[in-house]
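# A structural walkthrough
Residue-level listing of the chains:
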Amino acid sequence: MKARQRAIYAWLIARFPAAYRARVGQSMLDTFDDLLEREQASLFNLYADACLHLLKENLMQTNLRFVIVAILALLCGFVPRALGLQVPGSVYVVWGVLALLIGAAQSDIRTMLVSGGLFGMLLALSLLAPGMASAPDTLGYVAMLVFVSLAAVGAGILAGAAGFWARNRLIS
Amino acid sequence: MTDKRTPPLTPAVLHILIALSAGELHGYAIMKQVQQDSDGEVSMGPGTLYGSLNRMMAAGLVAESAKRSAPELDDARRIYYRITPQGKAALDAELQRLEQVVAVARQRKTGLAS
């Protein structure tokens, strides 16, 4: 039973970024043994702790956060359309708040700019692209799409920068 | 004034550096030392401990030690960590910063009382 519990924990550790595993992976596994043997620690707590930190480390060290940004942007754009709404201003409010939160969560300005821009671009595409097929003037629609996308990228960067600035102000 | 190049340390990093300033320790021993140093107020889970150790190693604040315990006393495979000169400097800077904060707070408190 103990070997199986350890194997599950080792499997979780194997999901951490390579640099993390190389630096502290083995030691983490040893500590898991200590906590189980010496303190009879809750297995659920140990697994939950590992899962939470696994998510955090992967978000911090890989491009997974960009995937989350993309999913949020696409949801913001597509959900109102799927519900048959006329893309009200509230969508932009949601988008603005999310971009602020994303900006605030970034650890450096470069990542913030990339994710803010990506967020804006994907949101604009998801809002506008589905209407392209029925647009009478495709060229005009593409021009508008490009224009709005660029504007959204700029707004995304600005919102992200505002979030980044606010986070730094609040922390320091 | 606070040096802009050495930002304040997080509570977890500070506690780990304080624990390691007493000597080389392995992961579980760091957890116990932190608990002891804080009178049980700070209890660090493995995720917090190793997330912090990972970043501290990358920043050069701590390093893996060559020390291995005697097999009859402990598991010989255990990995020990030690504080680096850079880590000591960061700890000193943080303690100095905290002393300044406490001094200012005491002054304000005295001002409020009078």
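Preceding this paragraph is the structure being described.
Residues numbered from 1 in each chain as written. Chains lettered and ligands numbered in written order. Predicted model: local features only at pLDDT ≥ 70, side-chain atom pairs only at ≥ 80, totals over all residues. Heavy atoms only, no water.

### A closer look at the overall build of chain A
In terms of helices and strands, chain A carries 7 helices and 0 strands. Seen in sequence order, chain A has helices and strands lined up from the N terminus as α-α-α-α-α-α-α. The contacts of chain A with a sequence gap of at least 6 include a subset with a gap of at least 24, amounting to 68%. When the accessible surface of chain A is split by element, carbon and sulfur atoms take 72% of a total near 9500 Å². (Helix = DSSP H or I, 4+ residues; strand = E, 2+ residues; numbered from the N terminus. Contact = heavy atoms within 4.5 Å. Areas by Shrake-Rupley, 256 points an atom, 1.4 Å probe, with all protein chains shown as cover.)

### Points about the sheet that holds strand 1 (residues 25–26) of chain B
Residues and elements named next belong to chain B. Ordered by their spatial adjacency, 3 strands build an open sheet running 1-3-2, and the pairing between neighbours is antiparallel. Whereas interior strands pair on both sides, the edge strands pair on one side only; in this sheet they are strand 1 and strand 2 (62–64). Here strand 1 runs beside strand 3 (residues 80–83); their pairing, made up of 2 bridges, is antiparallel. The residue bridging Leu25 from the neighbouring strand is Tyr81, located in strand 3. (Pairing = 2+ DSSP bridges.)

### A short note on helix 1 (residues 2–14) of chain A
One turn of an α-helix holds 3.6 residues; hence residues three or four places apart share an orientation. Residue and element names in this part refer to chain A. Over its 13 residues, helix 1 extends 18 Å from the first C-alpha to the last, a length consistent with the 18 Å expected when each residue adds 1.5 Å. The complete set of buried residues in helix 1 reads Gln5, Tyr9, Leu12 and Ile13. The arc that holds every buried residue of helix 1, seen down its axis, measures 100°, which confines them to one face. Turned more than 90 degrees away from the buried face of helix 1, the exposed residues are Ala3, Arg4 and Trp11. (Expected span 1.5 Å × (residues − 1). Buried < 20%, exposed > 50% of the residue type's maximum accessible area, 1.4 Å probe, protein only. Arc of directions from axis to C-beta.)

### Topic: the interface of chain A and chain B
Facing 21 residues of chain A, the contacting portion of chain B comprises 21 residues. Note on chain A versus chain B: buried area summed over both sides is about 1800 Å², and carbon and sulfur give 50% of it. Seen at the junction of chain A and chain B, the total is 2 salt bridges. Between Glu39(A) and Lys32(B) there is a salt bridge; the shortest N-O distance is 2.8 Å. (Buried area = accessible area lost by both parts, 1.4 Å probe. Salt bridge = Lys/Arg side-chain N within 4 Å of Asp/Glu carboxyl O.)

### Here's the deal with the environment of Thr110(B)
Within the secondary structure, Thr110(B) is located in helix 4 (residues 85–113). A distance of 2.6 Å separates a polar side-chain atom of Thr110(B) from the backbone oxygen of Arg106(B). (Polar contact = N/O pair within 3.5 Å; in protein donor to acceptor, adjacent residues only side chain to side chain.)

### Thoughts on the environment of Pro85(B)
Relative to the helices and strands, Pro85(B) is located in helix 4. As for Pro85(B) and Val62(B), which are separated by 23 residues in sequence, their C-alpha atoms are 8.6 Å apart.

### With respect to the side chain of Thr31(A)
Summarising the element assignment, Thr31(A) is placed in helix 2 (residues 18–39). The class of Thr31(A) is buried, set by a relative accessible area of 2%. Apart from the residues lying within four places of it in its own chain, the contact partners of Thr31(A) are Gly27(B), Tyr28(B), Met31(B) and Tyr50(B).

### Quick word on the pattern of salt bridges
Within the structure shown, the criterion is met by 6 salt bridges over all chains. Put simply, Asp34(A) and Arg78(B) hold a salt bridge, and the shortest N to O gap is 2.6 Å. Placement of Asp34(A) in helix 2 and of Arg78(B) in the loop between strand 2 and strand 3 is noted, with the two residues assigned to different chains. Across the pair, Arg78(B) and Asp34(A) agree in class, each one buried. Across the pair Arg97(B) and Glu94(B) runs a salt bridge, and its minimum N-O distance is 3.0 Å.

### Here we look at the packing of aromatic side chains
Residues and elements named next belong to chain A. Evaluated as defined, the whole model comprises 4 aromatic pairs over all chains. Where Tyr9 meets Phe32, the ring centres are 4.1 Å apart and the plane angle is 15°; that geometry is what we call stacked. Note that Tyr9 is positioned in helix 1 and Phe32 in helix 2, a separation of 23 residues in sequence. Taking 6.3 Å as the distance between ring centres and 20° as the angle between the ring planes, the aromatic pair formed by Phe32 and Tyr47 counts as stacked. Here Tyr47 lies in helix 3 (residues 43–61) and Phe32 lies in helix 2, a separation of 15 residues in the sequence. The two residues Phe32 and Tyr47 agree in class, both being buried. Grouped by ring-pair contacts, the aromatic residues Tyr9, Phe32 and Tyr47 constitute a single cluster. Against the face of Trp11 rests Arg15, its NZ or CZ located 4.6 Å from the ring centre. (Phe/Tyr/Trp six-rings, centres within 6.5 Å; stacked < 30°, edge-to-face > 60°. Lys NZ or Arg CZ within 6 Å of the ring centre and 35° of its normal.)

### A look at the packing of helix 2 of chain A against helix 3 (residues 46–58) of chain B
Running from N to C, helix 2 of chain A and helix 3 of chain B point in directions that differ by 150°, and their axes come no closer than 10 Å. When the interaxial angle is binned, helix 2 of chain A and helix 3 of chain B end up roughly antiparallel. Crossing angle aside, the handedness with which helix 2 of chain A passes helix 3 of chain B is right-handed. Side by side, helix 2 of chain A and helix 3 of chain B meet where Ala19(A), Tyr20(A), Arg23(A), Val24(A), Ser27(A), Met28(A), Thr31(A) and Leu35(A) of the first sit next to Pro46(B), Gly47(B), Tyr50(B), Gly51(B), Leu53(B), Asn54(B), Met57(B) and Ala58(B) of the second. Grouping the amino acids of the contact of helix 2 of chain A with helix 3 of chain B by side-chain chemistry returns 10 nonpolar, 5 polar and 1 charged. (Axes fitted to C-alpha atoms, helices over the stretch in contact; angles between N-to-C directions. Parallel < 35°, antiparallel > 145°, perpendicular 65-115°, else oblique. Left-handed = near helix turned anticlockwise from the far one by under 90°. Nonpolar A, V, L, I, M, F, W, Y, C, P; charged D, E, K, R; others polar.)

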